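What follows is each chain in one-letter form.
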Amino acid sequence: MTSRLTALLLAVAACCSQAAESAKPNVIFILADDLGIGDLGCYGQQKIHTPNIDRIAAEGLRFTQHYCGNCVCAPSRCTLMTGLHCGHAPIRDNMQRGPSEEGQRPMPAGTRTVAQLLHDAGYFTGIIGKWGLGMPEDHSSPRDFGFDYSYGYLCQAVAHTYYPPYLWRNNERETLAGNPPYDVSMKGVIEPKGEIYAHDLMANDALQFVRDHRAKPFFLYLAFTIPHLSLQVPEDSMAEYQGQWTETPFRNTKHYANNETPRAAYAGMITRMDKDIGRLMALLKDLGLDDNTLVFFSSDNGAVFPLAGTDPVFFHSTGGFRGYKQDLYEGGIHTPFIARWPGRIKAGAITDHVSAFWDFLPTMAELTGTPAPANTDGISYLPTLLGRQQKEHEFLYWEYYSGGGRVAVRLGDWKAVANGIKKDPHAPLEVYKLDSDPTESHDLAAENPGIVARAREIIAHEHFPSPVKEWNFDASLPVTR
């Protein structure tokens, strides 16, 4: 073979390789924090303006039966990363490493994440926003679990304030000059203002990430902290809503920031995030990446109960569902979920496919042709995205340890919930028929012993003992009526 022919063949091979790589879609997963399903216009919100997120829904696919991983931050995010529900996932509740230590309980070494899967598939992977799954000293930062780049909050306690004294970039602290100090033990009142609003830094960093990595496939996990407490936002975002509604000032002597107009602040925070999402979507078009970028939007759990000035009843934040964050009723775990991929996902589509956070990892595996871990609890929803025949879950399962201990199972249109099982392992299972009773108002357990029995079997089978003693229920489970 002549040297000229060899060079030609090598050039052809290189072009084919580059074409194959460019054919892989970029993936952006935008995750809001404590955003209720009813807080978005595309899910019925009337007071808060979210035109850019609504446009993603109008140009893509809106899920009506999607669930987060748990009813609080850390375990929900863990299921998104690992493809495991909270009976199997390594992180199953919120828990600080120590009372005055920054960071949450770490994920164990060897935990397989969606970032590692995508990194191995040739993606440049980044997280911008809130991690909440461990610290560098525990070898449980994003950089330890497949992310090539990270910027934002590592600790969800520090993420209570939007004016933190620092953020983390690639495991190094970056001081935010002019922002007040913060007590990780959460014993001090959060200062309402500072010099640098952390959300703005993260939103701008997301734009730069896309610019910097547009030449090869990238995965961006954009984990915004809005509208997670405290209620803090610059005046220009509150101005849009000031004077529209009667306000009850929030003043606290224990924690969270005081706010004279909490309704305007809450709405302003969400609209500010929406505008930044609009900037991101515009950039994708400007760079010619729009048609080759799969964008998701969701929230890590349901809307927070009335706390520190939030008013979920006024805003109809739960969308009419029962319960809030920390509940395993629909209001705590039934979340918004939107997907957009021009030319591949039909615009304006709606699906009632029942799905959950732990489906994201196997979806990315199918998207990239990469084997998913054998132990995943998820089912790829890529067929739903592309309008193809979809495999369905036999059941979805949740467990939550705080608040007395709670479990929930969804079986088709049936939902079984038990509360207070740490105190009473024989606490009754409530049973609801979601297609006719989405607000979980009528307990049908007595009339449906077969559903009770099947739910009890799932609860007994799906809990794998955790090495963290607080993340295990009484040994007398399964729950019985």
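Residues numbered from 1 in each chain as written. Predicted model: local features only at pLDDT ≥ 70, side-chain atom pairs only at ≥ 80, totals over all residues. Heavy atoms only, no water.

Description of the packing of helix 2 (residues 51–58) against helix 7 (residues 262–286)
Then, in step 1: Between helix 2 and helix 7, whose axes approach to 7 Å, the crossing angle comes to 50 degrees. Judged by the inter-axis angle, helix 2 sits oblique to helix 7. Within the contact between the two elements, helix 2 uses Pro 51, Asn 52, Ile 53 and Ile 56 and helix 7 uses Asp 274, Lys 275, Ile 277, Gly 278 and Met 281.
Then, in step 2: Looking at the contact of helix 2 with helix 7 residue by residue, the classes come out as 5 nonpolar, 2 polar and 2 charged. (Axes fitted to C-alpha atoms, helices over the stretch in contact; angles between N-to-C directions. Helix = DSSP H or I, 4+ residues; strand = E, 2+ residues; numbered from the N terminus. Parallel < 35°, antiparallel > 145°, perpendicular 65-115°, else oblique. Contact = heavy atoms within 4.5 Å. Nonpolar A, V, L, I, M, F, W, Y, C, P; charged D, E, K, R; others polar.)

Considering helix 5 (residues 198–212)
Then, in step 1: Taking 1.5 Å as the rise per residue, helix 5 with 15 residues should run 21 Å; its terminal C-alpha atoms sit 21 Å apart, in good agreement.
Then, in step 2: Buried residues of helix 5: Ala 198, His 199, Met 202, Ala 203, Asp 205, Ala 206, Leu 207, Phe 209 and Val 210, and no others.
Then, in step 3: Looking at the buried side of helix 5, the elements it contacts are strand 4 (124–130), strand 5 (149–153), strand 6 (166–169), strand 8 (218–223) and helix 7. (Expected span 1.5 Å × (residues − 1). Buried < 20%, exposed > 50% of the residue type's maximum accessible area, 1.4 Å probe, protein only.)

Let's talk about the sheet that holds strand 6
Hydrogen bonds between backbone groups are what pair the strands of a sheet, and the pairing can be parallel or antiparallel.
Then, in step 1: An order of 7-6-5-4-8-1-9-10-2-11 is seen for the 10 strands of this open sheet, with the pairing classed as mixed. Each edge of the sheet is formed by a strand with only one pairing partner; in this case those strands are strand 7 (172–175) and strand 11 (349–351). The mean inter-strand angle of the sheet, taken between neighbouring strand axes irrespective of direction, is 15 degrees.
Then, in step 2: Pairing analysis gives 2 bridges linking strand 5 to strand 6, with the strands arranged antiparallel. Residue pairing in the sheet places Tyr 151 in a bridge with Arg 169 of strand 6.
Then, in step 3: Of the strands in this sheet, strand 2 (61–63), strand 9 (293–299) and strand 10 (337–340) are in contact with helix 2, which crosses strand 10 at around 65 degrees. (Pairing = 2+ DSSP bridges.)

Description of the nonpolar core
Then, in step 1: The biggest cluster of nonpolar side chains holds 88 residues, and the ones touching the most others in it are Trp 131, Phe 219, Tyr 221, Phe 296, Phe 360, Met 364 and Leu 385.
Then, in step 2: Residues within four places of Met 364 in sequence aside, it is in contact with Val 27, Val 114, Leu 117, Leu 118, Leu 294 and Phe 296. (Core = buried A, V, L, I, M, F, W, Y, C linked by side-chain atoms within 4.5 Å.)

Points about the environment of Gly 302
Then, in step 1: Structurally, Gly 302 can be placed in the loop between strand 9 and helix 8 (312–315).
Then, in step 2: A relative accessible area of 3% means that Gly 302 is categorised as buried.
Then, in step 3: Taking C-alpha positions, Gly 302 is 20 Å from Lys 433, a pair spaced 131 residues apart along the chain.

Focus: helix 3 (residues 73–82)
Then, in step 1: Counting buried residues along helix 3, 10 of its 10 residues qualify, which places the element largely inside the surrounding structure.
Then, in step 2: For helix 3, every residue scored as buried is listed here: Cys 73, Ala 74, Pro 75, Ser 76, Arg 77, Cys 78, Thr 79, Leu 80, Met 81 and Thr 82.
Then, in step 3: Positive phi appears at Gly 83, one or two residues downstream of helix 3, with a value of about 75 degrees.

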